[in-house]
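Structural overview for review
Given next are the chains, with one letter for each unit.
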Amino acid sequence: MRAPLTLAVAQPPCISHDVAGNAVSHAATVRAAGARVVVFPELSLTGYELAADLISPEDARLWPIVEACADTGALALAGAPVAGPHIAVLAIDGDGVRVAYRKQHLGGAEPERFRPGPGPVVLTVDGWRLGLAVCRDTGVPRHAADTAALGMDVYVAGVVHEESELAEQERRARRVASEHGVQLAMASCAGATGGGFDRCAGHSTIWAADGSVLAAAGPETGAVVSARLSGHG
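Throughout, residues of each chain are indexed from 1 in the direction in which the sequence is written. Note on the predicted model: pLDDT of at least 70 is required for a residue's local features to be given, and 80 or more for side-chain atom pairs to be given and counted; whole-chain, interface and lining totals, by contrast, use all residues. The side-chain figures draw on all heavy atoms in the structure; neither hydrogens nor water molecules are used.

Under the scheme used here, helices are H or I runs from DSSP no shorter than 4 residues and strands are E runs no shorter than 2 residues, and both carry numbers assigned from the N terminus. Along its length, the chain carries four helices and 14 strands. Throughout, radius of gyration means the C-alpha value; the globule benchmark is 2.2 Å times the number of residues raised to the power 0.38. The C-alpha atoms of the chain give 16 Å as radius of gyration, which agrees with the globular expectation for 233 residues (17 Å, within 12%). For the C-alpha atoms alone, the extent of the chain along its principal axes is close to 40 × 40 × 35 Å. Each residue is assigned to one of three classes by its accessible area relative to the maximum for its type, calculated with a 1.4 Å probe on protein chains only: buried under 20%, partly exposed between the two thresholds, exposed over 50%. Here the chain holds 233 residues, and the buried ones make up 56% of them. The contacts in the chain between residues at least 6 apart in sequence include a share of 67% that link residues at least 24 apart. Should any heavy atoms of two residues lie within 4.5 Å, those residues are considered in contact.

So, on to the environment of Pro12. Residue position: Pro12 is located in the loop between β1 (5-11) and α1 (19-33). Along the chain, Pro12 and Val97 lie 85 residues apart, while their C-alpha atoms are 19 Å from each other. In this structure Pro12 touches His26, Thr29, Phe40, Pro41, Thr221 and Gly222, once residues within four positions along its chain are discounted.

By definition here, a helix of n residues has an expected span of 1.5 Å times n minus one. Here α1 is 15 residues long and its end C-alpha atoms lie 20 Å apart, about the 21 Å a rise of 1.5 Å per residue gives. Those residues of α1 not exposed but buried are Val19, Asn22, Ala23, His26, Ala27, Thr29, Val30 and Ala33. Along α1, the residues classed as buried sweep out an arc of 160° about the axis, all on the same side. Against β1, β2 (37-39), α2 (63-72), β3 (75-82) and β14 (223-229) lie the buried residues of α1. With its phi angle positive at about 65°, Gly34 sits one or two positions after the end of α1. Starting at the helix axis, one direction is taken to each C-beta atom, and the arc is that of these directions.

Our focus in this paragraph is the nonpolar core. Leu7, Val37, Leu77 and Leu130 are the most contacted members of the largest nonpolar core, which totals 52 residues. The contacts of Leu130, once residues within four sequence positions are left out, are Leu5, Val37, Val121, Val122, Leu123, Val125, Val154 and Val156. The term nonpolar core refers to a set of buried residues drawn from Ala, Val, Leu, Ile, Met, Phe, Trp, Tyr and Cys, joined through side-chain atoms within 4.5 Å. Counting 26 residues, the second-largest nonpolar core is a separate cluster that includes Ile65, Ala68, Ala76 and Val82.

On to the pattern of salt bridges, then. Put simply, a salt bridge is a Lys or Arg side-chain nitrogen that is within 4 Å of an Asp or Glu carboxyl oxygen. By the definition in use, this model includes 11 salt bridges. Among the ionic pairs, Asp59 bridges to Arg61, the shortest N-O distance being 2.6 Å. Classification of Asp59 as buried rests on a relative accessible area of 17%. Relative accessible area serves as the criterion here: at 36%, Arg61 is assigned to the partly exposed category. A salt bridge links Glu168 to Arg172; its shortest N-O distance comes to 3.0 Å. Residue Glu168 and its partner Arg172 are located together in helix α4 (residues 166-180), separated by four residues, close to a single helical turn.

With that out of the way, let us pick up the packing of aromatic side chains. Two rings belonging to Phe, Tyr or Trp (six-membered ring only in the last case) form a pair when the distance between their centres is within 6.5 Å. Interplanar angles under 30 degrees mark stacking, angles over 60 mark edge-to-face geometry, and anything in between is tilted. For the structure shown, the criterion picks out zero aromatic pairs. The criterion is that NZ of a Lys, or CZ of an Arg, lies within 6 Å of the ring centre and within 35 degrees of the ring normal, and then a charge sits over that ring. For the cation-ring pair, Arg2 lies above Trp128, with the distance from its terminal atom to the ring centre recorded as 3.8 Å.

Here, strands pair whenever DSSP counts at least two bridges between them. Pairing of strand β6 (residues 122-125) with strand β7 (residues 128-134) involves four bridges; the strand directions are antiparallel. The residue bridging Leu123 from the neighbouring strand is Leu130, located in β7. Counted along the chain from β6 to the antiparallel partner β7, the turn is two residues long, and its residue Asp126 has a positive phi close to 50°.

Put simply, Gly84 and Pro85 share a cis peptide bond, and its omega is -10°. Relative to the helices and strands, Pro85 resides in the loop between β3 and β4 (86-93). Even without being a glycine, His17 presents a positive backbone phi close to 70°. You can call His17 partly exposed: its relative accessible area is 45%. The backbone phi angle of Leu43 is positive, close to 50°, even though this residue is not glycine. Residue placement: Leu43 occurs in the loop between β2 and α2.

Attention shifts here to the environment of Ala208. Secondary-structure assignment places Ala208 in the loop between β12 (205-207) and β13 (213-216). Put simply, Ala208 and Glu163 are 45 residues apart on the chain and 23 Å apart in space, counted from C-alpha to C-alpha.

Sheet architecture is open: six strands sit in the order β5-β4-β3-β2-β1-β14, paired in mixed fashion. The two strands at the open ends of the sheet, each matched to only one other strand, are β5 (96-102) and β14. Ignoring strand direction, the axes of neighbouring strands in this sheet form an average angle of 30°. As paired elements, β1 and β2 share three bridges and run parallel to each other. Its bridge partner lying in β2, Leu7 is registered against Val37. All axes are obtained by fitting lines to C-alpha atoms, using only the stretch in contact for helices, and the reported angles, taken between N-to-C directions, cover 0 to 180 degrees. Sheet strands touched by α2: β3, β4 and β5. Its angle to β4, the strand with the most contacts, is close to 40°.

Okay, here's the thing in structure tokens:
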């Protein structure tokens, strides 16, 4: 039998371009979450600053997160700009950092700097198959369909939305859950994150496959909530 998976979604404070400071906040969040997997918003390590310097997996500033994951047995999924250049998800655990996924569907001014990622990715953690997504990916039905075709139990996304986009954020999540019969975790930035996002939506949420809410944060910066997932529902 596959063991239950404790998964958390977080919306830590984010200071534009301050990778070292943001990494310390991420590490503190990992330690507080008490979860096997901790999901962070899009570009959580730099803020939504499209001109931010690219981050290498070998960047020493990320080491506090590696240490926190080593101490807690957690996997952190953090957002960062990486070589390519791409908007990416970094998978961070006690062994180090690697690029796990590159955003496929770019929006707004993103194509002026970044390239689309090569394709969908499913990350296996303790027998659970996590389909990875970043923000606009969640609004493109083909993305969830292509990811589901790889076999996934949970659709995991880091997003940045305006406060006024909260209803759309929730609509996208419920659509993916209902269409593909999967649980869903969305970490949504709260507060300000640069790039003109002064009042982000927050309300990071974990949904069951039937669209019901398993855990939800409010709009406040610094919130982290978790749920214990079991089975496929």
